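# Summary of the model geometry
Residues per chain are reported as follows:
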Amino acid sequence: MGVSPITSHVLDAARGSPAQGVPITISYAPSSQAASAGQNAVIGRGVTNNDGRCPSLLSPDYELKAGVYTVRFDTKTYFALHGEKSFYPFVDVTFEIEKAAPHYHIPLNLAPFSYTTYRGS
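Residues numbered from 1 in each chain as written. Predicted model: local features only at pLDDT ≥ 70, side-chain atom pairs only at ≥ 80, totals over all residues. Heavy atoms only, no water.

### Brief notes about the sheet that holds strand 6 (residues 91–97)
Let me state the cut-off plainly: A pair of strands counts as paired when DSSP detects no fewer than two bridges linking them. By definition, any uninterrupted DSSP run of H or I lasting at least four residues is a helix, any uninterrupted run of E lasting at least two residues is a strand, and each is numbered from the N terminus. Inter-axis angles, ranging from 0 to 180 degrees, are taken between N-to-C directions of lines fitted to C-alpha atoms, where helices are fitted over the stretch in contact.
Pairing is antiparallel across the open sheet formed by 4 strands, whose spatial order is 4-3-5-6. Lying at the two open borders of the sheet, with one neighbouring strand each, are strand 4 (41–47) and strand 6. Averaged over all pairs of adjacent strands, the angle between strand axes in this sheet comes to 20 degrees, irrespective of strand direction. Two elements, strand 3 (residues 23–29) and strand 4, share 6 bridges in a ladder whose sense is antiparallel. Considered in strand 4, the bridge of Ile 26 is made with Gly 44.

This is the structure in structure tokens:
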């Protein structure tokens, strides 16, 4: 069984646990200029599992190419599941790939009034 070339892991820092049920979309634009102009297309969708991971964001045979990718985390929906409000209704993590590697991991540490991210492994 293959794995998506772009994966994510969301941790709820306020609860100290994985964030299950976060809807995620990923979009692609061929350049930063195209992305800035809103010329990006959704290429994948998923929801985090009970471990806060979204292993099937893209099909395992999806071939990454140079361009700009945006992973959007629907944090408002997640916090609403817990009866909470969030200052950030969504979090966009946008990154540029110049030469595609086999795998990129995009983690998100989340709280109602803050978030952090980094390039994972």
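Read on, since the account is not over.
### Considering the nonpolar core
What counts, and what does not: Buried Ala, Val, Leu, Ile, Met, Phe, Trp, Tyr and Cys residues that are joined via side-chain atoms within 4.5 Å together make up what is termed a nonpolar core. Using a 1.4 Å probe on the protein chains alone, a residue whose accessible area is under 20% of its type maximum counts as buried, one over 50% counts as exposed, and one in between counts as partly exposed. Note on contacts: a residue pair is in contact if any heavy atoms of the two residues lie within 4.5 Å.
Core analysis: the biggest nonpolar cluster contains 24 residues, and Ile 6, Tyr 69 and Phe 73 have the highest contact counts within it. Where this core is concerned, the elements lending two or more residues are strand 1 (6–12), strand 3, strand 5 (67–73), helix 2 (75–81), strand 6 and strand 7 (104–111). Leave out the neighbours within four places in its chain, and Ile 6 touches Ile 26, Leu 57, Leu 58, Leu 64, Tyr 69, Phe 95, Tyr 104 and Ile 106.

### Here we look at the side chain of Ser 8
Defined as follows: Counted as a polar contact is a pair of N or O atoms within 3.5 Å, where, for protein atoms, one must be capable of donating a hydrogen and the other of accepting one, and residues adjacent in sequence contribute only when both atoms are in side chains.
Residue placement: Ser 8 occurs in strand 1. Among the polar contacts made by the side chain of Ser 8, one reaches the main-chain carbonyl oxygen of Ile 106 at a distance of 2.7 Å. The contact partners of Ser 8, leaving out residues within four places of it in the chain, are Ile 24, Gly 52, Arg 53, Cys 54, Phe 73, His 105 and Ile 106.

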